[in-house]
Amino acid sequence: MPYVITGLVLVGAVALLNLVLLVIIMRRWQEVEAVRRRQDFASQGPQPGDVLPEFTATAVGGRTVTRDDFRSGELLLGVFSHDCPSCVDSLPDFTERADRVRAAGGRVLALVIGAEAEGSGLTAQLAGPADEVVPGPEAAPLFRALRVPGFPTLLSYRDGVVTAPSAADREPVPAAS
């Protein structure tokens, strides 16, 4: 009888150890997958050396903006979706980067994609950090030309050429074409 009890305790201990190791491996696997997905998203969109596409759009406030407005100097371009939780979470990072770009004499442009983007809270929040905010249907042609794979995406341009694409540190939200 003592051998049976000892055997059951040993089997239980091995099973418990197996369960603990499985949980540790699954958590690590999820972290690695999240990093891989962010890298995959970043590799699908604009890459260093890509030129800012030709566009004309109407920004909030009625001002017409074109590629020529952003062709020289530094540009931070943020692409957001009006219904994306990661986009709202990324606002402090975007604001910090926008302040640095403006301090260096650059400009900041934000696109907010979605049918209800014009009246969204996200569009209103971006009006402070961004020099120009292009909402909704107006942003769609530039959004398609940029081939942005996920939200939020931040792009750094110098003289109209991508210098650094940046996917969010958060889980990317796939962008529908």
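Here the structure is a predicted model, which means the values were calculated and not measured.

Novice: Explain the overall build of the protein chain to me, using residue names and the numbers behind them.
Specialist: From N to C terminus, the protein chain includes five helices and nine strands. When its helices and strands are written in sequence order, the protein chain yields α-β-β-β-α-α-β-α-β-α-β-β-β-β. Within the span of the protein chain, comprising 177 residues, buried residues form 40% of the whole. Nonlocal contacts in the protein chain, meaning residues at least 24 apart in sequence, comprise 70% of its contacts between residues at least 6 apart.

Novice: Just give me the short version of helix 3 (residues 91-103), but keep the residues and values in it.
Specialist: Compared with the 18 Å implied by 1.5 Å per residue over 13 residues, the 18 Å span of helix 3 between its first and last C-alpha is a close match. Among the residues trailing helix 3, G105 stands out with phi positive, at a value near 90°.

Novice: Give a detailed account of helix 5 (residues 136-146), specifying residues and quantitative values.
Specialist: By the burial criterion, the buried members of helix 5 are G136, A139, A140, L142, F143 and L146. Tucked into the core, helix 5 has its buried residues touching strand 3 (74-81), strand 4 (107-113), strand 5 (132-135), strand 6 (150-151) and strand 7 (153-158). Downstream of helix 5 by one or two residues, R147 has phi in the positive range, about 60°.

Novice: Tell me about the environment of G105, and name the residues and values.
Specialist: Relative to the assigned elements, G105 resides in the loop between helix 3 and strand 4. Given a relative accessible area of 60%, G105 falls into the exposed group. For the pair formed by G105 and G73, sequence separation is 32 residues and the distance between their alpha carbons is 7.6 Å.

Novice: For the nonpolar core, give the residues involved together with the corresponding values.
Specialist: One recurring pattern in soluble globular proteins is that nonpolar side chains are buried together. With 39 residues, the main nonpolar core has L77, V79, L126 and L146 as its most contacted residues. Put simply, the parts of the chain that give this core at least two residues each are strand 3, helix 3, strand 4, helix 4 (121-126), strand 5, helix 5 and strand 7. By residue number, the principal contributor to this core is strand 4, which donates six residues. Setting aside residues no more than four positions away along its own chain, L77 makes contact with L52, L109, L111, L146, T153, L154, L155 and Y157.

Novice: Please set out the side chain of S120 residue by residue, giving values where relevant.
Specialist: Here S120 lies in the loop between strand 4 and helix 4. Within the structure, S120 has its side chain in polar contact with the backbone oxygen of A117 (distance 3.0 Å).

Novice: With reference to specific residues and values, describe the pairing of strand 4.
Specialist: Burial analysis of strand 4 places six of its seven residues in the buried class, the great majority of the element. Where strand 3 and strand 4 come together, seven bridges link them in parallel fashion. Bridging across to strand 4, S81 finds its partner in I113. Relative to strand 5, strand 4 runs parallel, the two being bridged by four bridges. Following the sheet pairing, L109 is matched in strand 5 by E132.

Novice: Outline the packing of aromatic side chains, supporting the account with residue identities and numerical values.
Specialist: The geometry of an aromatic ring pair comes down to the distance between the two centres and the angle between the two planes. Taken as a whole, this structure holds three aromatic pairs when the rule is applied. For the ring pair F80 and F94, a centre distance of 5.1 Å and an interplane angle of 85° mean the geometry is edge-to-face. Of this pair, F80 sits in strand 3 while F94 sits in helix 3, and the two are 14 residues apart along the sequence. Side by side, F80 and F94 carry an identical accessibility label, which is buried.

Novice: I'd like a rundown of the pattern of salt bridges, residues and numbers included.
Specialist: Counted according to the given criterion, the structure contains 10 salt bridges. When the shortest N-O distance is used, the salt bridge between E96 and R100 registers 3.0 Å. Here E96 pairs with R100, and both are found in helix 3, just four residues apart, close to one helical turn. In this structure, R102 and D131 form a salt bridge, with 2.9 Å as the shortest nitrogen-oxygen distance. With R102 in helix 3 and D131 in the loop between helix 4 and strand 5, this pair connects stretches of sequence that are 29 residues apart. Connected via shared salt-bridge partners are R63, D69, R107 and E132.

Rules behind the numbers
Residues numbered from 1 in each chain as written. Predicted model: local features only at pLDDT ≥ 70, side-chain atom pairs only at ≥ 80, totals over all residues. Heavy atoms only, no water. Helix = DSSP H or I, 4+ residues; strand = E, 2+ residues; numbered from the N terminus. Buried < 20%, exposed > 50% of the residue type's maximum accessible area, 1.4 Å probe, protein only. Contact = heavy atoms within 4.5 Å. Expected span 1.5 Å × (residues − 1). Core = buried A, V, L, I, M, F, W, Y, C linked by side-chain atoms within 4.5 Å. Polar contact = N/O pair within 3.5 Å; in protein donor to acceptor, adjacent residues only side chain to side chain. Pairing = 2+ DSSP bridges. Phe/Tyr/Trp six-rings, centres within 6.5 Å; stacked < 30°, edge-to-face > 60°. Salt bridge = Lys/Arg side-chain N within 4 Å of Asp/Glu carboxyl O.

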